[in-house]
Amino acid sequence: MLTGSKTTFKVRQMLPDIKERMLSQSGVSARSRDVFGLRCLPGECVLQRAVMVRKKLTAREGRGWVSGTLFCTHFRVAFVPQDSPKPDDNADPVLLGDHDVALASIEKVVVVGPNRTKLVTPNSSLKFTPEELVLYCRDLRVICFLFDRLTPDAQVIEITYTIAKTYQPPKPGSVLSFQNAALGSVEMKQFLSNRRRNTHMIWFESASDWEQELERCGATGWRVSSVNDRFEMSTSLPRCIVVPQKVLDTELKKSFAHFNEGRIPRWCWRHPRGSDLLRMASFQNNIYHEKDDIRNLEMILFGCQSSLCVVVELGEELPSPADIQLAHSRLRALCLGDISTSVSVPDDKWLSTLESTHWLDYTRSCLRKASEVACLLRGGHLTVALQEADDRDMGCVVSSLVQVMCDPHCRTQHGFQSLVQKEWVMAGHRFNSRINYHRDNDKEEAPVFLLFLDCVWQLLSQYPSRFQLTDDFLLALHDSIHLPLFSSFLANCQRERCKRSQNPGQSYTPVNGWRDVLHPDSSSDSSDPPLPSVWDWSLQYSKHRRDRFTQPVPPIPPLQPLLNGNLNTNPDTHRLTDTIPGSVFLLSRGTFSCPSNLLPWRSGSSGVYKKSHRRAPSSENVPGLERLLKAWALAEFPQGLTSTSGPQGPLDPYEPLLPLLMGPCMGLWRECYLRGALHAQAFSHPISANHPHPVERLAREVQQLKDKLAQVSTDPNPPAKTAEPRRTDTNLNQNTNNGTFLFPASRSQSTTMPRATAPPPTSTNHQTSRGPLSASAPSSRPGHKDNGGSNKHTFLFGHSSVAEARPDQRHYPAPNNAKLPKSNGIQTAPPHDRAL
Amino acid sequence: MEKSGSIDSLGSKRSSSRQPSVDSLSSTSTSRSDRSAQAKAASAMSADSAATSTELSPELRVKPKTAAKQVFRDSDKEEQQLLPNETVQDVAQDVTYFCPFIGAMRGTVTVTNYRLFFKSMDREPAFVLDLPLGVVSRVEKIGSASSRGDVSYGLVCKDMRNLRFAHKQLEDTLRKSIFEVLVKFAFPVSNGLQIFAFEYGQVFPENGWKVYDAVSEYKRQGIPNESWRISKVNDHYEVCDTYPSTLAVPVNIPDEELKRVAAFRAKGRIPVLSWIHPESQATVTRCSQPMVGVNGKRSKEDEKYLQAIMDANAQSHKLFIFDARPSVNAAANKMKGGGYESEDAYQNAELVFLDIHNIHVMRESLRKLKDVVYPNIEDSHWLSNLESTHWLEHIKLILAGALRIADKVESGKTSVVVHCSDGWDRTGQLTSLAMLMLDGHFRTIRGFEVLLEKEWLSFGHRFQLRLGHGDKNHTDADRSPVFIQFIDCVWQLTRQFPAAFEFNEYFLVTILDHLYSCLFGTFLCNSEQQRLKEEIPKRTVSLWSYVNSQLEEFTNPLYVNYSNHVLFPVVSLRHLELWVGYYIRWNPRMRPQEPVHQRYKELLAKRAELQKRVDELQREVTNRSASSSERAGSPTRSITPVQTFV
């Protein structure tokens, strides 16, 4: 375990004076940063402003209108509501306020005048005074400002021109100037380079990160190899890759040539039942296979499972990037309802037009493929290798979807961020080309990542209580993609990212292992500003919006258990293990086969293989594998299925969340795609703006109860009472939390309001904060009653204080016990009873 | 807080009775039964899955209190439970049921005077189908020659499914096939028998027939007031036999004139008040079409009457007349003596057509929808198939119409008159939906019951005719899913305003299930007059008795009392959804992944319990501060509010 690097890392992070320096700096520039109530970034200047403007609120914001002042800076279009609180000068700079839109996100500027609409371009001139300004954004938002009669005409026209001139029309080179506008100032550079990195997630940049992941998954038999440290083996692979322990680096080096772009099979994840998930590019065909090579290739491919490997070909059944691009552009056109061209699909053709985009079909096919893989992995003790021609698009989608389905950790915000870091950012998804920030490569453009987010949303909407992250989080990620500011998305692979930061940075020292120089020294900088990571959410989102990224209480408590890879022995396993070692099957179109040319080195020509492996791969355990898949098909039918996948909330938290994929089950992510649809807001909602959100309301109700209880506990006889309020207290919180946690199930259409600003503290906080109180007042009531209480709500809400009570228990408990705290809780009356 | 007590006790009893069943069954069936409770939500209806029967018989849900019964229940839960006065009519062994989802299975069919009960023999856990005969729309014999001596029967049901059974050709030719027996009891009206609701003798703690009282509902709305009065002109249903006996009319129109207005309105359905805005006094009034005819007949009384309705609202000098029909249809009605108000005759009135199609179009649309969703769904063309049924489009038009009405009344402070042709189908849909948007009271469970009793039942929506209870004439052109459409619209509203309704989805599904089941008398007959004549309230049980005796089943825990708020839904098709939980609930692949219903109930119980605990603590505080010297030795909280799951 190379812990050295971690410590170094921490020490550097903790440098004491950083914070102070920042504060004093912002203190100095405070006055200049607050312009007409708009809190500017350092170096940002307001180009134009218009007063008495009203902004149309979306359903999510409560609908209706809010009036305030509209600004255009050289970085964003900002809107400050009239009665917004005075900005806090000492706070860290936030790039975008709740009502702001970055210039780079704007795709089209349209003005609406009396009886007409006009698309405004940098060169166009206005012949009328606009009444309405509509900004169509790349992220599918449509932001609409209404000019009041009191807005001076000059201001209206000027700000329209200014926005039209300064927003980023899609042309190469504009990205850099935008980045400079946002981050180019000395203060911002300073600020960014001192940003503390999120330590709750794994970044997969260093070997120790990977080791942490191996440990988390309980994946033995694998090691982190730094053979690609200088990107000499493969330019698109990260520095660190995980390979079987028994393959030496020297042996490994020879195998790169056998794969497209040198993307050899690499370990991604281990299922708790002991199956490994690998991904790789397609084989290089015209290459001679030496005997030693073959041995290595087989070892790499089979990993630690000597018996069985299933190659899942991703090319055939999944959409190509071009398909995705076409579908997405159709979906966009359909959902945006472009008023400048007045082309809007009539309501009665909405459904068939939506169908003809094929977006939902593609979502379904990704989910289906991932479900198949998840079912295979569940079978235990086999290797599943995802193979795609270049292993940089659908490989990312499927491997990460599988993990979202199977691993509860990946359904938390930090776990999900780690996952994206692992399977997308580090694995070399070509974000830069696929998003086409520079508008210089339209052929490559394809929102593969957005398709993935949609798939995750589908899972989330079918299993709302199994996710700790929320659709607000997915939405934030969706929108951030369109902002060319983040290092995560502005490169195609780790190599490019390192190049850009001008900082090869990492060096290997035998003592400490990998040392990661995270932040290039700002003094040695190039002209480009340092780019933040997208995961630094506080740069973009205010606290109360970030609070909505997660459910206040994680649905399944042990978020980071140590898996030992032997969680359970599946009844099917023995059928699979008694096969000939070295069997390889191809999964394609839902069936297994073993075509002779599956592994090029085994196919006839080389002859070397035959000597060492006399027996030809047999198809005898195809039925066994097919049963694994069938288990899923059957899972859709509850009848007669005795496997553990009762779709209703399997007790085993590692049972995959298998989605229902029938037509009516595939939903449209309305909160994302339709939030800009203006026609949807034809009738403004007079009351919803000041409505309490139901959850907020629940919280308030509970707060009232709490207050009442507080009154009770001010009772003159504390000893007898203190235990009472405390317990009820925690329960009350449970209740709120559960309300929230429950809510997404039906939230989809709600006219949501911001959630309660501060999420109720988790009960862990409670225990600590209340701890002294109860300790100082020894309760006359014995503790078991308290326990009874907590057990009870555990059972009810699946929020396990049982698990919290033993945080040190890192070992995954035996299945029977495991069910108790981890279960979703609802129908677990019997286990609970047993526990009592 | 008297509710919380009952919730607790009910909850505990139910859970304790449930729990052994959970233990005894395999894990799969456990989960299944939970899910069925939620997804199928068909209390009296069966489910295409095993172990559901345990949960489904209504009397079991309501009365699990007797210990003996519980034991009985636990011991053989898959056995059929007979309702009071339900009698077995025939039993047949070795019948094959062709389930479109899991395939054929053999089992026993029992036919009673209320239901068909199928239990499979060859499956573990046993598959159970429990079907109230009221949902059967038609029984047809399918060609027997094809399959060696088997006789095959198809049951077309009103609730979006078809069932197919087969059994061996009977050797004893004199003996009737069980399905011939079934036909007899499925269509009691055609066979001179009584609908089961008249025999069902269950006693519930609450009498649902008392839910609605016209006078007190008008009183709640503030009627009578200076502009509106309660008229007893229709006390003996002489002015209009499809109207209720109690009517609210403008104060300055005497009863004699009402009769003359009635002569000018189709079926005598004069404009009467449905709802009045508590502040602006703008009203929603409903009626039938004027008998204008080809010659453009006019009626001074009718014109004066509408003027009086307008004058009753001082806020506006305009009156909106919403004609639910497409203008072409309205014009075509002139040939039959009907028509619409001409703006020449009615000064200050503006006529708006809402383009909602007639009952035949709706029936056809639902038939198409059934074809698309049952049994198989074509994934790749799902959305365009759905579009081709036009079902959602019709829903949209109805909602849009109701929205315009609500908007006129709320924002425009203008009174509206709503009618279609006869004023008992589309008019009822529009007024009740508008009232649901305008008045939070109707969004509570009891308020919604009142709404149905008032706008649908008392104003003579012809339930008997539209549904054909117990009538074998399945091709009757008067049948139409008008009420289902209304409930669908309500469901769309609950989707858009999840916290605005006190009831949950299960409540709506339950209403629709008992719309057909003929277990309760609520939806029998065509009008108030008929119901009185048949002594329905005396001879049958009301659905609301059943509902109100177990409110916690139907309560939405996220409900927030928005009573003073008006809901304006988004009626774009982009924001409407097919009600999968009703139309596709028979498909086991469509069941939701998480037991939301179950969790809602538990949350409710939890809330009630917390509230109770707080109240008790508070009481304790008051007590203690009163006698502050005492030290609470044994806590008053011996109630141990711990969830009674043990």
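Residues numbered from 1 in each chain as written. Chains lettered and ligands numbered in written order. Predicted model: local features only at pLDDT ≥ 70, side-chain atom pairs only at ≥ 80, totals over all residues. Heavy atoms only, no water.

As recorded in an unreviewed UniProt entry, chain B goes by the name Phosphatidylinositol-3,5-bisphosphate 3-phosphatase MTMR2, listed as coming from Cottoperca gobio. Entered under Sequence similarities (unreviewed entry) in the UniProt record, the comment concerning chain B runs "Belongs to the protein-tyrosine phosphatase family. Non-receptor class myotubularin subfamily." (UniProt positions renumbered as here; feature names shortened; annotations may be inferred.)

As recorded in an unreviewed UniProt entry, chain A goes by Myotubularin-related protein 11 and comes from Cottoperca gobio. Turning to chain A, the UniProt record has this under Sequence similarities (unreviewed entry): "Belongs to the protein-tyrosine phosphatase family. Non-receptor class myotubularin subfamily."

K.L.:
Help me understand the environment of B:His597, please; the structure alone is not making it clear to me.
P.N.:
Here B:His597 shows up in helix 24 (residues 596–626). Linking B:His597 and B:Pro557, residues 40 residues apart in sequence, is a C-alpha distance of 9.9 Å. (Helix = DSSP H or I, 4+ residues; strand = E, 2+ residues; numbered from the N terminus.)

K.L.:
What's the story with the sheet that holds strand 16 (residues 383–388) of chain A in this structure? I'm lost.
P.N.:
Strand-to-strand pairing in sheets goes through backbone hydrogen bonds, with the strands running parallel or antiparallel. Residues and elements named next belong to chain A. The strand order 13-14-16-15-19-20 describes an open sheet built from six strands, whose pairing is mixed. Only two strands of the sheet have a single neighbouring strand rather than two, namely strand 13 (266–270) and strand 20 (591–593). Pairs of neighbouring strands in the sheet enclose a mean axial angle of 30°, with direction left out of account. In terms of strand pairing, strand 19 (residues 583–588) meets strand 20 through three bridges, oriented antiparallel. By the bridge assignment for strand 20, Leu587 is matched with Phe592. (Pairing = 2+ DSSP bridges. Axes fitted to C-alpha atoms, helices over the stretch in contact; angles between N-to-C directions.)

K.L.:
I tried to follow the pairing of strand 11 (residues 222–225) of chain A on my own but got confused; where do I start?
P.N.:
A regular strand carries its side chains on alternate faces of the sheet. Residue and element names in this part refer to chain A. The side-chain alternation of strand 11 yields two buried faces, one formed by Trp222 and Val224 and the other by Arg223 and Ser225. Inspection of the sheet shows strand 11 paired to strand 12 (residues 241–244) by four bridges, in the antiparallel sense. Bridging across to strand 12, Arg223 finds its partner in Val243. (Buried < 20%, exposed > 50% of the residue type's maximum accessible area, 1.4 Å probe, protein only.)

K.L.:
I tried to follow the UniProt feature "domain: Tyrosine specific protein phosphatases" (unreviewed entry) in chain B on my own but got confused; where do I start?
P.N.:
Listed under "domain: Tyrosine specific protein phosphatases" (unreviewed entry) in the UniProt record, and renumbered for this structure, are residues 389–436 of chain B. Across residues 389–436 of chain B one finds 67% helix and 10% strand; the C-alpha atoms that close the span lie 27 Å apart.

K.L.:
Would you mind showing me how to read the domain arrangement of chain A here?
P.N.:
Frequently, the measure chosen for interface size is the accessible area removed from exposure when the parts meet. All names here are of chain A. By domain assignment, chain A separates into domain 1 (32–194) and domain 2 (207–502 + 530–548). A C-alpha centroid distance of 34 Å is found between domain 1 and domain 2. Counting from both sides, the interface comprises 35 residues of domain 1 and, opposite them, 32 residues of domain 2. Counting the surface lost from both domain 1 and domain 2, the interface buries some 2900 Å², and carbon and sulfur atoms represent 62% of this. Put simply, domain 1 and domain 2 have two salt bridges between them. The closest approach of N and O atoms between Arg332 and Glu107, which form a salt bridge, is 2.1 Å. For the interface between domain 1 and domain 2, the tally reads six residue pairs in polar contact (both at pLDDT 80 or more). Per-class residue counts for the side of domain 1 that touches domain 2 are 23 nonpolar, three polar and nine charged. (Domains from an automatic or database assignment. Contact = heavy atoms within 4.5 Å. Buried area = accessible area lost by both parts, 1.4 Å probe. Salt bridge = Lys/Arg side-chain N within 4 Å of Asp/Glu carboxyl O. Polar contact = N/O pair within 3.5 Å; in protein donor to acceptor, adjacent residues only side chain to side chain. Nonpolar A, V, L, I, M, F, W, Y, C, P; charged D, E, K, R; others polar.)

K.L.:
Where do I start with the pairing of strand 3 (residues 115–120) of chain B in this structure?
P.N.:
All names here are of chain B. When you tally the buried positions in strand 3, you get six out of six residues, the bulk of the element. Here strand 3 shows a buried face lined by Arg115, Phe117 and Lys119 and a second buried face lined by Leu116, Phe118 and Ser120. Counting the residues between successive antiparallel strands, the hairpin from strand 2 (residues 103–112) to strand 3 contains two residues. Pairing of strand 3 with strand 4 (residues 128–132) involves five bridges; the strand directions are antiparallel. The residue bridging Arg115 from the neighbouring strand is Pro132, located in strand 4.

K.L.:
I keep staring at the sheet that holds strand 5 (residues 76–81) of chain A and nothing clicks. Help me out?
P.N.:
All names here are of chain A. Across the sheet, which stays open at both edges, the eight strands sit in the order 6-5-4-3-10-9-7-8 with antiparallel pairing between neighbours. If you trace the sheet from one side to the other, it starts and ends with strand 6 (101–102) and strand 8 (116–120), each paired once. Running over the sheet, helix 4 (residues 153–166) touches strand 3 (46–56), strand 4 (65–73), strand 5, strand 7 (106–113), strand 8, strand 9 (132–137) and strand 10 (142–147) and is turned about 110° from strand 3.

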